[in-house]
Each structure stands twice: as structure tokens, then as C-alpha cells.
Amino acid sequence: AVTFDVDGGASDTVTAAPYQRVISVPPVAVPGATILVRATAVDAAGNAGVALATLTIDSAPDTENPTVTLNAPAQATPGSTIRLAATAADNVGVRSVDFSANGASIAAVPAAPYESTYTVPADATPGVTLTCAARATDFTGNHADATASIAIVANTDTTPPTVTVSAPPGIAPGATLSITADAA
């Protein structure tokens, strides 16, 4: 049998292998504090062996969620590329910001600036809403989400481009013709 004593508290005896005891560390434990664990094994002849272990509390667990905000345009047209930008902060540090559009992953950005682009599908129907999201995750796995709704609107640009063509005024039969076009 092995008897466990933790910081002089109540003893717990385990009579069969594996000789284990689970210790719950209080969430208010002070970083740097120590816990003394004493294990005493006694054999059938009454001989006792003792082992000591000193455990040091590393730090308080991180239970705080990061904060995140998402900046996105209010409107977009089918086929356009939009820019998504997030601001994220955490008491311990931000591991990454993940961007998505309508639930589909766009990008995971591991360091600031937390930015990504998304091309609205060319067949997106004007009048629908695109939901973009940014999820900030810290090094402990805590996370926070921010969303933005983007209205898909019809492309109102009906002005055709202007085109000019440059070519020599005449050309001889069998000659090579060089033509240049400019469009704006």
C-alpha cells in the first residue's frame, strides 16, 4: 500500500497498483507557492519507504477570453474583393485570428496585422447578406468572435470602358501590321 500526504492534509491510502492520487490545485493558488507531496510505501513485513516531491505552482490558469473586433465594408458587389481587418488583444497573447465567410475558412493569421481578403463569388445574388467572422484564439485555447454583415448589392457601373486603336494609315500587301490598343 502507498499512503499519500499532500501539504499535511488528509492522507489517502491506495492499496493496489497503480498507486495514484489526483490532486486538485485551487484556482486561487499563488504562482510560486509550493505543494509538498509525501508518498509512504509499506510492504507486508512492515518496512516503510518514503519519497517526497515538491511541486511549484507555475502561474494562475488563463481563463480570460481575448477581445476581437472586425472591420469590413457594409456593402460589396458580386465578384469584388473585400478587405477584412481585425483588432485582437489578450492578457497573455493572441495565438491567431481566423477569418471566415458564411462559415467557410478564409485564412488563419498568426500575428498582427490581422488582415485578409475575400473575393465575393461572381454569382452572388444582390440582396443577400454575406456574414464574415474573425475568431481570436489565445495560447490557452480561449477564444472570442466578431462578425460583420455585408450586403451584396448590384454593380451599378454601367459606363463602358473607352478604347483607342493605333495603327499605321496604310500597309503594303504581305507586310506585318502592328496594332496597339489602349483601354481605360
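Structural notes, computed from the coordinates. Predicted model only: the values in this text are computed from it and were never measured.

On to the overall build of the protein. If you tally the helices and strands in the protein, you get zero helices and 14 strands. In the protein, the succession of α and β elements from N to C terminus is β-β-β-β-β-β-β-β-β-β-β-β-β-β. When burial is assessed residue by residue, the protein has 26% of its 184 residues classed as buried. If you take every contact in the protein between residues at least 6 apart in sequence, the share linking residues at least 24 apart comes to 50%. Taken together, the 5 basic and 15 acidic charged side chains of the protein have centroids lying 8 Å from each other.

Mapped onto the fold, Asn 142 is located in the loop between β11 (129-138) and β12 (143-152). At a separation of 3.0 Å, a polar atom in the side chain of Asn 142 contacts the main-chain carbonyl oxygen of Asp 62. Contacts of Asn 142, omitting those with residues within four sequence positions, involve Asp 62, Thr 63, Glu 64, Asn 65, Pro 66, Ala 136 and Thr 137.

Bringing the sheet that holds β11 into the picture now. Spatially, the five strands line up as an open sheet ordered β6-β12-β11-β8-β9, and their pairing is mixed. If you trace the sheet from one side to the other, it starts and ends with β6 (75-76) and β9 (104-109), each paired once. Sheet analysis places β6 next to β12, joined by two bridges and oriented parallel. When the sheet's bridge partners are listed, Ala 76 is paired in β12 with Ile 152.

This part covers the nonpolar core. Counting residues in hydrophobic clusters, the biggest one holds 24 residues, and the most contacted among them are Val 97 and Phe 99. Those elements giving two or more residues to this core turn out to be β5 (67-71), β7 (81-89), β8 (94-101), β11 and β12. Looking at this core, the element that brings in the most residues is β12, giving five residues.

On to unusual backbone geometry, then. The omega torsion of the bond from Ala 17 to Pro 18 falls at 0°, within 30 degrees of zero and hence cis. Inspection of the secondary structure puts Pro 18 in the loop between β2 (12-14) and β3 (34-42). Along the chain, Ala 112 connects to Pro 113 via a cis peptide bond; the corresponding omega equals 0°. Within the secondary structure, Pro 113 sits in the loop between β9 and β10 (114-119). For Asn 102, which is not a glycine, the phi torsion comes out positive at approximately 50°. Structurally, Asn 102 can be placed in the loop between β8 and β9. Its relative accessible area of 52% is what places Asn 102 among the exposed residues.

About the thresholds
- Residues numbered from 1 in each chain as written.
- Predicted model: local features only at pLDDT ≥ 70, side-chain atom pairs only at ≥ 80, totals over all residues.
- Heavy atoms only, no water.
- Helix = DSSP H or I, 4+ residues; strand = E, 2+ residues; numbered from the N terminus.
- Buried < 20%, exposed > 50% of the residue type's maximum accessible area, 1.4 Å probe, protein only.
- Contact = heavy atoms within 4.5 Å.
- Lys, Arg positive; Asp, Glu negative; His and termini not counted.
- Charge placed at Lys NZ, Arg CZ, Asp CG, Glu CD.
- Polar contact = N/O pair within 3.5 Å; in protein donor to acceptor, adjacent residues only side chain to side chain.
- Pairing = 2+ DSSP bridges.
- Core = buried A, V, L, I, M, F, W, Y, C linked by side-chain atoms within 4.5 Å.

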